[in-house]
Each structure stands twice: as structure tokens, then as C-alpha cells.
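Now for the letters of each chain:
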Amino acid sequence: MRLTLGTAGLALAGCPMMGQPPVGHPPVPGRTMAAASSSDALEYARALATLDIDAVKTDLRALFQDSQDWWPADFGNYGPFFVRLAWHCSGSYRTSDGRGGCAGGRQRFDPERSWEDNTNLDKARRLLWPIKEKYGLGLSWGDLFILAGTTALESMGAPTLGFCAGRVDNDSGFESLELGPTKEQEEVAPCPVNGQCKTPLGSTTVGLIYLNPEGPMGQPIPEKSALEIRDTFGRMAMNDSETVALIGGGHTFGKPHGACPAGAGPSPKEDPFNPWPGKCGTGKGRDAYTSGFEFQWTPEPTKWDNKYFKQLVNYEWEVFVGPGGKHQWRVKNATAGEKHIGMLTSDIGLTADPAGSYQKIVKEFAEDPEKYGNAFAHAWYKLTTRDMGPVTRCVGKNVPPAQDWQFPLPPAPEHLADFGEVKAEIEKALAGEGNTSASGAGLLARLAWSCASTFRHTDYQGGCNGARVRFSPQKDWPANAGLDQALALLAPIKEKFGNGLSWADLIVLAGNTAFEHAGSTPLAFCGGRTDAEDGTGSQYLQQPVDPESDSIVLLKNSVKVMGLTDREFVALMGAGHSVGAMHEDRSGFQGAWTANASELSNDYFKNLLFEDYEEFLVQRTGKKQYKAKGKDLFMLKTDLLLKYDAELQAIAFEFAESQDAFVKAFNSAWTGLMNADRFKGPTGSVCDHAGLALASRVLV
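What you are looking at is a predicted structure, and each value in this text was computed from that prediction instead of being measured.

A.B. asks: What is the right way to read helix 9 (residues 307–314) from this model?
C.D. replies: Residues spaced three or four apart along an α-helix point in a common direction, a consequence of the helix completing one turn every 3.6 residues. Of all the residues in helix 9, the buried ones are Tyr-308, Phe-309, Gln-311 and Leu-312. Within helix 9, the buried residues cover an arc of 160° as seen down the axis, which keeps them to one side. In this structure, the buried residues of helix 9 make contact with helix 8 (240–250), strand 2 (317–321), strand 4 (342–343), helix 10 (345–348), helix 11 (357–367) and helix 12 (369–385).

And the structure:
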């Protein structure tokens with residue numbers, strides 16, 4: 001959830017307790033405090049640009065065939081092992097808040113590295129270390145994991161669509177804390193019964209990528225497993241065809257391990273010096289334990305084919321308890337050549353879908369290997385790339401054309417409007433009949449914020465590029481009530497300048513102009529945004545946090561998703577609540593935060609910190625807010641959270657003491673926010689002045 005703070009206020013989000021990225025780490029795109037032209041970012045971009053991906057793939061193919069005694073390759077080929085590595089790194093992605101995925105390479109850190117589903121993947125990462133060391137900075141761990149899995153598929157004959165390079169590594173598991181199991185996950189997305197977890201979590205079971213493959217709560221009931229499959233894959237925005245193709249493709253290769261019931265031993269979190277030693281014999285090879293199941297899915301587990309689906313269609317399956325002590329499935333009345341073949345309850349679930357959809361797809365893929373191959377190639381690319389955001393963040397010669405799920409926008413026109421003239425028209429509109437300084441400026445500032453504040457740095461979705469705030473679902477959000485008035489105010493300007501002026505550019509420039517009108521220092525503007533045709537791309541974005549919420553946890557979570565710093569967040573809060581007022585007919589709240597609602601002033605912070613507030617009920621709407629004793633000054637519950645959170649309060653005190661510090665912080669935060677979605681590669685922006693020397697007609 002994002003935070004909305006009143007009709008004229010800003011819906012805020014960012015990253016509390018995070019400052020600059022660690023020394024030596026490329027800045028995270030979209031972070032306004034991380035200069036994209038810094039030496040670290042430039043070094044990473046240069047190294048990535050010179051990376052010979054074909055050479056990396058050659059080394060990977062050699063690695064697949066080089067079995068090591070300390071962790072022998074199944075069937076003499078590590079390929080299936082690296083398919084699992086890439087899948088489990090990517091499969092943590094969830095649409096609810098954009099968290100998870102392989103960007104950042106966070107599978108190296110807790111909590112992900114100690115998940116039950118990632119048992120023994122520390123060995124896969126160890127196998128990759130010589131290649132990572134050889135290619136250095138330009139080959140991130142995140143890219144290496146995905147490239148290893150994709151190359152493994154290709155080496156075994158599977159079709160692939162391409163490869164998007166540019167995953168910037170994190171130096172800790174901080175961005176994965178909300179995936180669990182952690183106190184942060186319990187606060188943001190609690191799961192009272194592990195195994196029955198609901199969205200916003202991405203899986204039914206914390207510690208597993210999707211669901212329990214043995215069946216719901218360990219019960220081997222295929223019909224119920226099918227329902228869990230659709231639910232959990234849906235949380236990653238996979239449709240039925242993509243789901244079946246991915247499961248079949250992944251289970252064409254390799255085998256699960258469960259040589260005995262004793263288990264894998266302590267996880268890396270429990271024993272970082274000797275994680276997952278295995279308690280079955282030698283703990284490796286035939287004695288390995290990963291998931292607790294023991295079989296291979298297909299007769300040739302290092303070769304691409306559609307036998308997985310043929311077996312589901314043609315064999316009768318029966319459940320039994322395998323050597324690892326878990327329920328698994330075997331061919332009923334199996335011949336000698338079929339006794340080593342097996343399935344999980346989740347596999348059998350594809351033949352027992354109550355909706356009947358999975359069965360049809362299984363049959364299609366069993367009969368049409370070409371259709372299956374095409375579906376798998378596209379689904380694998382989506383699985384491994386969804387968290388990278390728009391295609392403009394991808395690097396490399398093997399990047400496919402933009403996919404629908406990347407929500408591509410049209411290119412900017414060759415000739416852009418004169419933004420100086422556009423700005424003059426906006427100023428005329430602000431001075432027009434019926435627009436007070438407070439109402440006009442507050443309305444346009446709110447429109448720009450509502451448009452841009454959907455950005456989330458977790459998966460680089462949202463933002464004002466595309467101006468999707470004009471369409472459902474965003475325009476229907478309660479927090480955006482009344483924005484049609486702002487669009488109507490700007491409509492004549494859009495019509496005057498035609499195709500050279502996008503709605504997205506107009507909305508952002510109007511927000512800049514509104515704040516300058518209210519007293520901000522000049523705000524830089526970078527034009528060239530384009531407009532989406534509809535609201536596709538907004539369906540997974542979060543609505544703002546309820547202004548009546550008293551949860552500092554939800555507030556800070558919404559802030560973290562967007563990727564701001566504490567300082568940026570507080571500055572934006574103050575600016576949004578300095579200009580304009582609340583309106584009963586829009587938000588249900590009333591009144592203004594300051595005595596002069598047309599001026600960008602640090603009075604907001606003074607009023608917040610030094611006035612005493614008491615509950616106030618808006619009679620007509622029943623909304624609860626807070627009124628200063630003896631004064632017509634109003635606050636929302638979410639405003640007061642700034643007053644009572646120690647870190648946020650400290651920044652509010654600083655801004656209350658210094659108007660200059662407040663305005664300077666706001667200028668930087670606002671400009672970065674408006675440009676957060678203007679991607680040029682994984683770390684750059686089209687608005688990087690040092691890197692691009694943009695034409696003056698684009699800068700106002």
C-alpha cells in the first residue's frame with residue numbers, strides 16, 4: 001500500500017532506515033538520493049557493456065559437464081541443478097508488492113538462502129564462483145543465476161526466448177525481509193497457519209517457492225493441489241498455459257532428492273559453516289536430500305522432450321510414501337523401465353483440476369511439442385525477467401522485443417512541445433477565474449503526485465510515464481477522487497500543443513509549476529514521456545494506505561516499496577500538506593494543514609510538532625481526523641505518525657527549524673520521484689544530465 005494524506009496531499013512511499021547504497025554498489029534506479037552518474041554506477045554500466053555473454057555461456061556449458069566429487073552432478077550433468085537455481089531465484093516474485101525475483105541476487109542471503117525449498121543451492125552457487133570471479137563486476141550474481149539456468153536449458157535442447165542482462169546485485173537480504181520468515185514479514189504479511197498463506201505473500205508456505213508439492217498441508221489430494229497451483233502461480237501473474245508449461249518444462253529435467261527420512265541437516269542460518277550436510281549416508285549423490293522426494297520425472301532427465309505430459313496422460317498413477325518419508329506418486333503396475341519414474345502431488349494436480357483447464361493444456365502439450373516449446377520459452381523468459389521492469393532496463397544483444405507483461409510505451413515523438421510555452425499556459429490556468437492559489441496549485445500538485453507515486457522500486461512498475469492515472473483502475477481509486485477536475489483544467493493545454501505534448505509530460509510539468517507557484521525553488525523538468533492507451537499495467541499497483549490508519553508498520557512498508565529515504569519521504573509529506581486543503585466531496589476530510597494553504601512552508605512541521613490535537617469527526621462523512629486545540633488546523637492519523645515515530649520525528653524537527661533545508665530536500669526528492677521511471681539501462685536514466693546533455697527544450 002502507498003500512503004494517501006488528504007485530497008490535496010501526497011500519497012507517499014519510500015524506504016525508511018535506508019540511506020545511500022553501500023560503498024562500491026551501483027545505485028538503485030529510481031532512488032532520488034542515488035546519483036545515477038556516480039562513479040560506481042558508471043563503472044558497473046561500463047563493465048556490463050563490455051561483458052562477453054557468449055564467453056560466459058561457453059564457460060557455463062563446460063561447467064555443466066565437469067562433475068565434482070564434493071557434489072556430484074546427477075546423470076553427469078549440472079544442467080538441471082542450475083535450472084532449479086534460476087527458477088527458485090526468480091519464483092519468489094509476487095505481484096502484490098513487486099518483491100522477490102532474482103534481481104539483486106538475494107538468494108545468497110537470508111532469509112532466502114535458508115529456505116527449505118533452496119536446500120543445497122549453496123552448492124550451485126559455489127560451483128558458479130570461478131565464473132563470477134573470472135568476469136568480475138560486469139557479471140552480477142543475479143544475471144549469472146539466470147544465465148546459468150537459461151544456458152542449461154539450451155544445452156539440453158529446450159527452446160528459450162532470450163536473455164535480459166542488468167540485474168544489479170544487493171549486498172544483503174534487506175529487500176527480501178518481507179518474504180519471510182522474519183518479524184518484518186509477520187508484521188506486513190502475517191500467515192497464521194504456514195501452508196495456508198494468502199496474498200500478499202507469494203506462496204502458500206513461507207520457505208517454499210509456491211506450494212507444498214506433497215499436497216495441501218502435506219495431504220496428497222491432487223484436486224486441492226490444483227487449486228493451490230492456480231492460486232500461487234496467479235500471485236506471480238501466470239495464466240494456466242504459462243503455469244502448465246513452466247511446471248512441465250522444469251520437471252522435464254533432473255530429479256528431486258530424498259534418499260532417507262533423516263533430512264538435509266541444518267540450514268545456512270542454523271549452521272553457516274557446514275550447511276545442509278545431509279543425514280543420509282554421505283549426504284551427496286545417491287545419498288542427497290533436498291525436498292524429501294526420490295525419483296526422476298522422465299526417462300531422459302537431461303534431454304528436452306514432452307514425455308512429462310505424455311506420462312501424465314497415458315499412465316495411471318498411485319500414491320505411496322517414498323524413501324524420504326513423503327507422499328509421492330508412481331506408475332501403477334509399472335514395468336521394469338517405469339519403476340524409476342515418479343510424480344509429485346502437484347504434478348498429478350494438473351490432471352485433476354476442478355475447472356478442467358489444466359487437463360486440456362496437458363493434453364495439448366502431449367500432442368503438440370511445438371506449441372509446448374513456444375509456451376515454455378515465453379513463460380521462462382517471463383518468470384526470470386518479470387522483476388526487471390520495462391524492457392528499457394535490459395542490456396544485451398539477446399534481449400527479445402518488449403513483451404506484453406512489460407507494458408511497453410510508444411516512443412517519444414521526434415518533435416516535442418516547447419515546454420517553456422507549456423509552462424506559461426499552466427501558469428495562466430492557475431491564475432484563471434475560479435482558481436484560488438491554494439485550490440489550483442493543490443489540485444495540480446496532487447494530480448502529479450498521484451500519477452508518479454505508484455512507482456515501486458521493487459519491480460520498477462508504476463510511475464507517471466504513460467499517464468495511466470487517467471484510466472481504470474487508478475482513476476477509480478478513492479484516493480484519486482476529484483482528479484478529473486485537474487485533468488479538465490489541463491485539457492485545453494493538451495489540445496493546444498497536440499501530439500508534441502503527452503499527458504504524462506503535462507501532468508508532471510503541471511505539478512512542478514504548481515509547487516513553484518507556491519514558492520518552491522525552480523524544479524528541473526525532463527520531457528519525453530509518452531502516453532499509454534489504457535490502464536493495463538496498473539492492475540497490480542497498490543492503492544494508498546488509508547489516511548485513518550494508525551499502523552506505522554504499513555506506513556513504513558509502503559515507503560520501502562517505493563524506495564525513498566526517510567528524509568525524502570518526510571520532505572514530500574510536508575510539501576504535499578503545505579499546498580492545498582482537504583475536501584469533503586473528494587476524500588471525506590476537511591480543512592487545511594496550515595494557515596496559508598497556497599504557500600510551500602515549513603509551517604506544516606511546526607503545526608504538527610508543537611500543536612496539541614484532538615479527535616475531530618467530519619459530520620457529513622463520518623471520517624475521523626484531528627484538529628488543533630483552539631485553531632482551524634487539521635491533521636490526519638497518518639500525519640501524526642510522523643510525530644510519534646522517532647526517526648521520522650527527528651527529520652520533521654530539522655525541517656521545522658529550517659525552511660531552506662526543507663525546500664532543498666523537497667526539490668531533490670520531487671525531481672527524483674518524477675523521473676524515477678525514466679529508465680535507460682539498469683542503472684541509468686534518460687534524465688541523467690551528465691550522461692546525455694539533454695536539449696534545452698526538454699529542460700524547463
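On we go.
A.B. asks: Please explain the pattern of salt bridges as it appears in this structure.
C.D. replies: Pairs can form between side chains of opposite charge whenever their charged atoms are close. Scanning the model with the defined rule gives 38 salt bridges in all. One salt bridge in this structure joins Glu-300 and Lys-303, with 3.8 Å as the shortest N-O distance. For Glu-300, a relative accessible area of 33% puts it in the partly exposed group. Look at Lys-303 and you get partly exposed, because its relative accessible area is 41%. Lys-623 is paired through a salt bridge with Glu-548; the nearest N and O atoms lie 3.8 Å apart. Of the two residues, Lys-623 is situated in the loop between strand 6 (613–617) and strand 7 (624–628) and Glu-548 in the loop between strand 5 (544–545) and helix 17 (552–562); the sequence distance between them amounts to 75 residues. The class of Lys-623 is partly exposed, set by a relative accessible area of 27%. The class of Glu-548 is partly exposed, set by a relative accessible area of 29%. Each of Arg-94, Asp-97, Arg-99, Glu-178 and Lys-560 takes part in salt bridges that share partners, so that together they form one network.

A.B. asks: What is the right way to read unusual backbone geometry from this model?
C.D. replies: In most cases, non-glycine residues show a negative phi, while peptide bonds are predominantly trans. Each neighbour pair has its own omega, and for Asp-110 with Pro-111 the value is 10°, a cis peptide bond. For Pro-111, the location among the structural elements is in the loop between helix 3 (79–90) and helix 4 (121–135). Cis geometry is found at the peptide bond from Gly-180 to Pro-181, where omega equals 0°. Within the secondary structure, Pro-181 sits in the loop between helix 5 (141–155) and helix 6 (183–188). Notably, Asn-120 is not glycine yet its phi reads approximately 70°, a positive angle. Residue Asn-120 is classed as buried on the basis of its relative accessible area, which comes to 1%. The backbone of Asn-333 sits at a positive phi, close to 55°, despite the residue not being glycine. Among the secondary structure elements, Asn-333 is positioned in the loop between strand 3 (327–331) and strand 4. On the basis of relative accessibility, which here comes to 67%, the residue Asn-333 falls in the exposed class.

Thresholds applied
- Residues numbered from 1 in each chain as written.
- Predicted model: local features only at pLDDT ≥ 70, side-chain atom pairs only at ≥ 80, totals over all residues.
- Heavy atoms only, no water.
- Buried < 20%, exposed > 50% of the residue type's maximum accessible area, 1.4 Å probe, protein only.
- Helix = DSSP H or I, 4+ residues; strand = E, 2+ residues; numbered from the N terminus.
- Arc of directions from axis to C-beta.
- Contact = heavy atoms within 4.5 Å.
- Salt bridge = Lys/Arg side-chain N within 4 Å of Asp/Glu carboxyl O.

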